[in-house]
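Now for the letters of each chain:
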Amino acid sequence: MAKKPDLLPGTLDMLILKTLTRAPLHGYGIALSIKRLSDDVLTVEEGSLYPALQRLLLQGWVKAEWKMTETNRRARFYTLTAAGRKQLGLEVSQFEQMIEAIGRVLNDAQEA
Amino acid sequence: MATVSVFFKKLSLLLRRNRFHSELEEEMAFHRAEMERELIASGTAPQVARAAARKQFGNSARLNEQSHEIIGFSVESVFQDLHYAFRQMRKNPGFALTAIFILTLGIGVTVAIFGFVDAALLEPLPFTNPNRLVSVDEKSSMFPRSNLSRADYEDWKRMNHSLSSLEVYAGNGYLMASPDGVVPVPAVRVSDGFLSTLGVQPFLGRVFLPGEDLPGKPKIVILTYGTWLKRFGARRDIVGHSVTLSGDAYTIVGVLPREFAFAPRGNGEFFVPLLDKGPGCESRRSCHNLDGIGRLKDGVTLEAARAEMESIAQQLAKQFPDSNLGQGASVLPLSEIIVGPMRAILLTLLAATGLLLLIACVNVASLLLVRSESRRREIAVRGALGATPKRLVRQFVTEGLLLAIAGGAGGLLVSTWVMILLTKMIPENLAAGIPFLKLVGLNLHTCLFAAAVMLLAALLLAATPILRLSFQDIRDGLGDGDRGSAGSLWRRLGANLVVVELAIAVILLVGAGLLGQSFYRLLHVDNGFDTSHLATVQINVPDKLYPQNAQLLPLYREIERRLLALPGVQSVGLTSNLPVDCNCNTDWIRIVGKPFHGEHNEVNQRDVSPNYFATLKARLVRGRVFTSDDVDQRPHVIVINQTLARKYFPGEDPIGKKLADDGLTPNSFREIVGIVADLREGGLDQELWPAEYAPIDQTADNYFAVAVRTTQDEKSMLPTIVATLHGIDRNLGAYGELTMTDQIETTQSSLLHRFSTWLVGGFAVMAFVLGVVGLYGVIAYSVSRRTREIGVRMALGAQRSAVYGLVMRQAGWLTALGVGIGLVCAVGACMLMRSVLFGVQAWDPLTLFGVALVLGTASMAASFLPAYRAASVSPTEALRTE
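Residues numbered from 1 in each chain as written. Chains lettered and ligands numbered in written order. Predicted model: local features only at pLDDT ≥ 70, side-chain atom pairs only at ≥ 80, totals over all residues.

## Comments concerning the overall build of chain B
Piece 1. If you tally the helices and strands in chain B, you get 28 helices and 22 strands.
Piece 2. The C-alpha radius of gyration of chain B comes to 38 Å, more than 25% above the 29 Å expected for a compact globule of 882 residues.
Piece 3. Summarising its shape, the C-alpha atoms of chain B cover approximately 140 × 75 × 55 Å along the three principal directions.
Piece 4. Taking all 882 residues of chain B together, the buried fraction comes to 41%.
Piece 5. By sequence separation, contacts in chain B at least 24 residues apart represent 82% of the contacts at least 6 residues apart. (Helix = DSSP H or I, 4+ residues; strand = E, 2+ residues; numbered from the N terminus. Rg over C-alpha atoms; globule rule 2.2 N^0.38 Å. Buried ≥ 20, exposed ≤ 12 C-beta atoms within 10 Å, placed from the backbone. Contact = placed C-beta atoms within 7 Å.)

Right, here's the structure in full:
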């Protein structure tokens, strides 16, 4: 079985926040969503998902409330807050800058 | 802002921690269930799906912990460490108690001695701006600091520009009238601005006003707080009342505050203005009886003030060569006069306690080392279960800190107790001269010092196991293969520690040995007379009742007769100054018929009764002593000591030669009739000075002392002697009754030596025990680790003697190394404390050899037990171990 690439360090928070921009989701839903949207390339380890969610809660970037799912089970749904939206913008722009920079380096290497 | 809100969120989560965990638990259970559901939906068998979901999800307890770390405070893990550390201690109380006991002792003693050092050397003197106060005196070739004469003082005060004030003080005794007869009381005569220069605010009334010290002004007095309490019933309305001192009525104008103490005259009960110059000393420029204090003007340095005073002294020497030739100026910080003599001893003691503390820490560290050896497996397991190296290190730091805090807290308690004990050990008459004793105790400085010491100890204790444990070889620790590298590492580190311990023990033992020898030599220094069975009492005769020789001489005779009549009294002598007191009351002599250039030949001058030499059992070297017929002889006759004979009559016979004052005044001529072997007039550790003894009848004085030779216990005679004196005249002041043995043992030098000997000796004994126990521990541990090796050796045919040799060689090698290094360091250390040694060299071979012998023997004895155990190992059992 081919090894899946690990998440780039520091990007998990950003991915979670991005996922939540569409609708509130529970933890499992977030993991599933990231997996599907990335065509199974990115897998969120449960081991990092829940600590990350606690961190986001603590920073006030997401809110959590208990609701019922379609299957009628109690689950904790996470909602993006205004501060979270701002933080997402910040992280995305930082990430893009970095990708761009990496890209420039790689291109230069190819041309040489 | 963000951090604040995070903090409050954490805080609120802290309050509902249980709910947090159950919610997290539920959330993760939901996650697992959903995963399982999806797997089943995609066609996996239910059991397989459940297992796969679980596997993928991982260790939920660990996940829970990780989430906890996010929302928890970082301090919380410290509590976990602490909890674990406590559990470690409880599991092994012997180790914990031993370690804490050793640390308590080390820290306690160190903090206590620091308490004294702090009070004496770091706390400022209890005066206003004390660092601007200076002690101002004259100096001459014989005295680095001698009294000022009143005329010189007045000129210095008038001519100098570097001091904002220059004031003087002099001790003086008075006979205070009380309902129970006269009481001799010590007092201080001071110039008008003395108290205000120190910055004293009176508790009641006022201090002296300018001009109140001039001759002919009214007689007034200020009480110290203690005197007000003790002698005047603490009456608030005391100001304005009068007290009779030596027959004169003095009006009380003020009472000094309780905290006031002027150490150079710490026993003074009254402060009296200088007033009359009198017919005696203070009208002569050559008579020095005052001490000065001054306050430096702003911007004037000590050196500048000293230079100015020196130039004034030079000027006066030119102007009054008879009295002032060679008289210089001494300007020193006042603190130097008060605490200077204690500095060397205190610093020696502090250094000794520092060494003791070090040895205590090293001892505990090596205990920890042994323990870390047996905790290798535990560490490896924790590491394998995911504890980060950082966390493991923190565990050791926590344990070290816990030990150090326990030791520090215990140490603080011990130190208060030690400080009280030591303060109480100082006799009262001496304590008056050590004002800082009141400051000794727990205060900010000592607590900070204790905290610093504690922190250092904690660092040392934490560092040892950390150094010891390399966290990379976790797998080594899990297996049983801790035989090779670990063993040799332990031997290297552990052995080094024991060498350090032994070396420190040697330093302390040598220091204690040298101090002990100094003390012994001090007490057994040749005093030139028989100090046993000698009782002494000081007498102050009211000059109103005995103004002249006509009244005094019959009194002398009566005192001699009545005391001699007491049962158990062998002989009675009178003297102006008792021996073993001070090189003071000096006279400037000129040898008649020898070249003289105005130099000041300083000699001790004593007036003694004819029986004085016989009473002291002084040895007459040549000539004769006085007889009662000598009183009316012209010229007067004197007896000199051997030092005077050697110094001023080298290679000549002094008998029959004459001395005179430097002006060759006719009635100052006196003829030498005898030479006595040197009597020690000055302190035990001071050199012998030339001395002349004149018949007391020729120069009768109101202050004198009796020396009584007894056949029975002289101490029990003291009350009888005082009672007899009061029986002669109840107006006589009798005070300072003391046996000569006590006098010798309570001089400042012998007390300081006694204290340092006992203290350093105590420290050395502790260090000795710790060092030897440390060595025993190292050897015993090493033997226990080598049991299998020894078994193999014996199975292969090694004799028991060879096993003994194996163990004892290791012990001998460590001991030799420790003792050798220690001896070298000890000589170095003792060179530094040369100033507190008396009559013994820092490299005294006897002490060095003795210490090496004692420590070597004890070490070998301590190692013999483990060696015996090693040699009695049965090879089969040894091979079966582990």
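## Observations concerning the overall build of chain A
Piece 1. When you go through chain A residue by residue, the secondary structure sums to four helices and three strands.
Piece 2. Listing each helix as α and each strand as β along chain A from the N terminus yields α-β-α-α-β-β-α.
Piece 3. In chain A, of all internal contacts separated by at least 6 residues, the share reaching a separation of at least 24 is 49%.

## A look at the packing of helix α2 (residues 17-41) of chain B against helix α3 (residues 46-57) of chain B
Residues and elements named next belong to chain B.
Piece 1. Where α2 meets α3, the axes come as close as 9 Å, and the angle between the chain directions of the two elements is 135°. When the interaxial angle is binned, α2 and α3 end up oblique. Between α2 and α3 lies a crossing of right-handed hand. For the pair α2 and α3, contact is made by H31, R32, M35, E36, L39 and I40 and by P46, A49, R50, A52, A53, R54, Q56 and F57, respectively.
Piece 2. Among the residues making up the contact of α2 with α3, the classes are represented as eight nonpolar, two polar and four charged. (Axes fitted to C-alpha atoms, helices over the stretch in contact; angles between N-to-C directions. Parallel < 35°, antiparallel > 145°, perpendicular 65-115°, else oblique. Left-handed = near helix turned anticlockwise from the far one by under 90°. Nonpolar A, V, L, I, M, F, W, Y, C, P; charged D, E, K, R; others polar.)

## Considering the interface of chain A and chain B
Piece 1. Contacts between chain A and chain B engage 14 residues on the former and 17 residues on the latter.
Piece 2. Among the elements that line the side of chain A that touches chain B, the one with the most residues is helix α3 (residues 46-59) of chain A, at eight residues.
Piece 3. Here the residues of the side of chain A that touches chain B are counted per class, giving five nonpolar, five polar and four charged.

## Here we look at the pairing of strand β2 (residues 62-68) of chain A
Piece 1. As paired elements, β2(A) and strand β3 (residues 74-80) of chain A share seven bridges and run antiparallel to each other. When the sheet's bridge partners are listed, A:A64 is paired in β3(A) with A:Y78. (Pairing = 2+ DSSP bridges.)

## A short note on the nonpolar core
Piece 1. Counting 223 residues, the largest nonpolar core has B:V364, B:V506, B:L508 and B:A767 as the members making the most contacts within it.
Piece 2. What B:A767 contacts, discounting residues up to four positions off in sequence, is B:L355, B:L356, B:I359, B:I504, B:A505 and B:L508.
Piece 3. Grouped together as the second largest cluster of nonpolar side chains are 25 residues, A:Y28, A:V44, A:L49 and A:L53 included. (Core = buried A, V, L, I, M, F, W, Y, C linked by C-beta atoms within 7 Å.)

## What to know about the confidence of the model for chain B
All names here are of chain B.
Piece 1. In this model, chain B carries a mean pLDDT of 83, and residues with pLDDT of at least 70 account for 93%.
Piece 2. This stretch, residues 480-486, has a pLDDT under 50; its non-local contacts, to residues over four places away or in other chains, come to five contacts.
Piece 3. Taken over the whole predicted complex, pTM reads 0.72, whereas the ipTM for its chain interfaces reads 0.82. (pLDDT = per-residue confidence, 0-100.)

## Looking at the sheet that holds strand β1 (residues 25-26) of chain A
Piece 1. The strand order β1-β3-β2 (chain A) describes an open sheet built from three strands, whose pairing is antiparallel. In this open sheet, the two edge strands, each paired with only one partner strand, are β1 and β2 of chain A.

## Considerations on helix α25 (residues 787-795) of chain B
Residue and element names in this part refer to chain B.
Piece 1. Of all the residues in α25, the buried ones are I790, G791 and M794. Down the axis of α25, the sector holding all buried residues measures 105°, keeping them to one side.
Piece 2. Following α25 by one or two positions, G797 adopts a phi angle in the positive range, close to 110°. (Arc of directions from axis to C-beta.)

## Quick look at the environment of B:A463
Piece 1. Considering the arrangement of structural elements, one finds B:A463 in helix α16 (residues 444-468).
Piece 2. Distance from B:A463 to B:L275, taken between C-alpha atoms, is 68 Å for residues 188 residues apart in sequence.

## Comments concerning the environment of B:V722
Piece 1. Relative to the assigned elements, B:V722 resides in helix α22 (residues 714-728).
Piece 2. B:V722 has contacts with B:V537, B:A734 and B:E737, leaving out every residue within four places of it along the chain.

## What about the packing of helix α7 (residues 150-159) of chain B against helix α10 (residues 302-319) of chain B?
All names here are of chain B.
Piece 1. In the contact formed by α7 and α10, the axes pass within 10 Å of each other and the chain directions differ by 125°. In terms of orientation, α7 lies oblique with respect to α10. In terms of crossing hand, the pair formed by α7 and α10 is right-handed. Across the interface between the two elements, D152, D155, W156 and M159 from α7 touch M309, I312 and L316 from α10.

## Considering unusual backbone geometry
Residue and element names in this part refer to chain B.
Piece 1. Positive phi, normally seen in glycine, also occurs at S246, with a value near 45°.
Piece 2. Mapped onto the secondary structure, S246 falls in the loop between β7 (242-245) and β8 (248-255).
Piece 3. With a phi close to 60°, K617 is a non-glycine residue in the positive phi region.

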